[in-house]
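An overview of the molecular structure
So the chains spell out like this:
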Amino acid sequence: MFSMGAAATGPCYRAPVRSVRTLAAALGAVGLLLSPGEAHADVASWLFVGGGAGSLSRPGLDPKWAPVLHLDAGMGTSPANPLSVGGLFRLQTRFGDGSDYGLFLRTASGGYNRGDWGAALDLGGYLRPWGDEKPGYAATLSLGAPWGITLNTDFQQGPDSVRAIAFVVGLDLARFTAYRSTGLGWLPNPYPAPAASPR
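Counting of residues starts from 1 at the beginning of each chain's written sequence and follows it residue by residue. Whole-chain, interface and lining totals are the exception, using all residues; otherwise, since this is a predicted model, local features are given only for residues with pLDDT of at least 70 and side-chain atom pairs are given and counted only at 80 or more. Computation of side-chain values: all heavy atoms of the structure, hydrogens and water removed.

This paragraph deals with the overall build of the chain. Per the convention used, a helix needs a DSSP run of H or I reaching at least four residues, while a strand needs a run of E reaching at least two, with both numbered from the N terminus. Helix and strand counts for the chain stand at 3 helices and 8 strands. Put simply, the chain runs from its N terminus to its C terminus through helices and strands in the order α-β-β-β-β-α-β-β-β-β-α. Type-normalised accessible area, obtained with a 1.4 Å probe on protein chains alone, sets the label of each residue: buried when under 20%, exposed when over 50%, and partly exposed for intermediate values. By the burial criterion, 35% of the 199 residues in the chain qualify as buried. Residue contacts are counted whenever heavy atoms from the two residues lie within 4.5 Å of one another. Summarising the internal contacts of the chain: among those between residues at least 6 apart in sequence, 53% fall at separations of at least 24. Here the accessible surface of atoms and residues is derived via Shrake-Rupley with a 1.4 Å probe, and residues count as covered only by protein chains that are part of the display. Accessible surface, the chain: about 11,800 Å² in total, of which carbon and sulfur atoms supply 71%.

Below you can see the structure in the form of structure tokens.
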């Protein structure tokens, strides 16, 4: 009777212990995942807002100038690198005409990404749901200055020899805030991304 009771209680004892250990391990893993830690920025980000003027030319017609609103948003590889590559979405509105939507591959210098002097080159295409309503190719040269100040020169080449060029000045909000590594004496950036190297 004694041996039968021990045998009967043996399996009942081991199973709950394994379940408790499994539950403890799962809770420990969840706790590690949810525990707060120091954040490390490992991507470059761009969030540009600007305005300027753009010219649209069609065969047989004089170029037409109009005010332009320019919005960019994108992400790329680490801003700590000398060069980063990433993707960019663009909305460019010609007042009185309509908006173009673009997707670009951006190559940017480290200084540009960190809110300092630098440059970025965007190559891609656009879709124009107004006017000729056809897609085309586009390129942008962005010159960056400290404090996120940016000057863009945009060029578009569409079908049927339709061309557009725009000059836009504005502020890259990501380069001005989280990624700014200049002007820290005037406006501190307590958590720059990437973190400033110790000197």
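The next thing to look at is the nonpolar core. With 9 residues, the main nonpolar core is built from Ala44, Trp46, Leu88, Phe104, Ala108, Tyr112, Ala120, Tyr126 and Ala138. Elements with a minimum of two residues in this core: strand E1 (44-57), strand E4 (98-109) and strand E5 (118-127). Once you skip the residues sitting within four places of it in the chain, Ala138 turns out to touch Phe104, Asp122, Leu123, Gly124, Gly125, Tyr126, Phe155 and Gln156. Each nonpolar core is a collection of buried residues, namely Ala, Val, Leu, Ile, Met, Phe, Trp, Tyr and Cys, held together in the definition by side-chain atoms within 4.5 Å.

All right, on to the pattern of salt bridges then. Should a side-chain nitrogen of Lys or Arg be within 4 Å of a carboxyl oxygen of Asp or Glu, the pair is scored as a salt bridge. Tallied over the full model, the rule gives 8 salt bridges. Across the pair Arg128 and Asp100 runs a salt bridge, and its minimum N-O distance is 3.0 Å. Taken as a pair, Arg128 in the loop between E5 and strand E6 (136-144) and Asp100 in strand E4 lie far apart in primary sequence, 28 residues in all. Comparing Arg128 with Asp100, the two get one shared label, buried. Between Asp122 and Arg106 there is a salt bridge, with its nearest N and O atoms 2.7 Å apart. Of this pair, Asp122 sits in strand E5 while Arg106 is found in strand E4, placing the two residues 16 residues apart along the sequence. Taken individually, Asp122 and Arg106 each receive the classification buried, so the pair is uniform in this respect. Salt bridges sharing partners connect three or more residues here, namely Asp72, Arg90, Arg106, Asp122 and Asp154.

Before going further, it helps to examine the pairing of strand E3 (residues 83-94). Only strands joined by at least two bridges in the DSSP assignment are considered to pair. Note: strand E2 (residues 64-76) against E3, 9 bridges, orientation antiparallel. Bridged to Gly76 within E3 is Gly86. As defined by bridge partners, E3 adjoins E4 across 12 bridges and the pair is classed as antiparallel. The residue bridging Leu88 from the neighbouring strand is Phe104, located in E4. Where E3 hands over to E4, the hairpin turn is made up of 3 residues, of which Gly96 adopts a positive phi near 95°.

Regular strands show a simple pattern: their side chains alternate between the two faces of the sheet. The pairing of E4 with E5 spans 8 bridges and is classified as antiparallel. The residue of E5 that forms the bridge with Thr107 is Leu121.

Further remarks concern unusual backbone geometry. Of note, the phi angle at Asp160 is positive, near 60°, even though the residue is not glycine. With respect to the helices and strands, Asp160 occurs in the loop between strand E7 (149-157) and strand E8 (163-172). With a relative accessible area of 53%, Asp160 lands in the exposed category. Unusually for a residue other than glycine, Ser161 sits at a positive phi of about 60°. Residue placement: Ser161 occurs in the loop between E7 and E8. Since its relative accessible area comes to 41%, Ser161 is described here as partly exposed.

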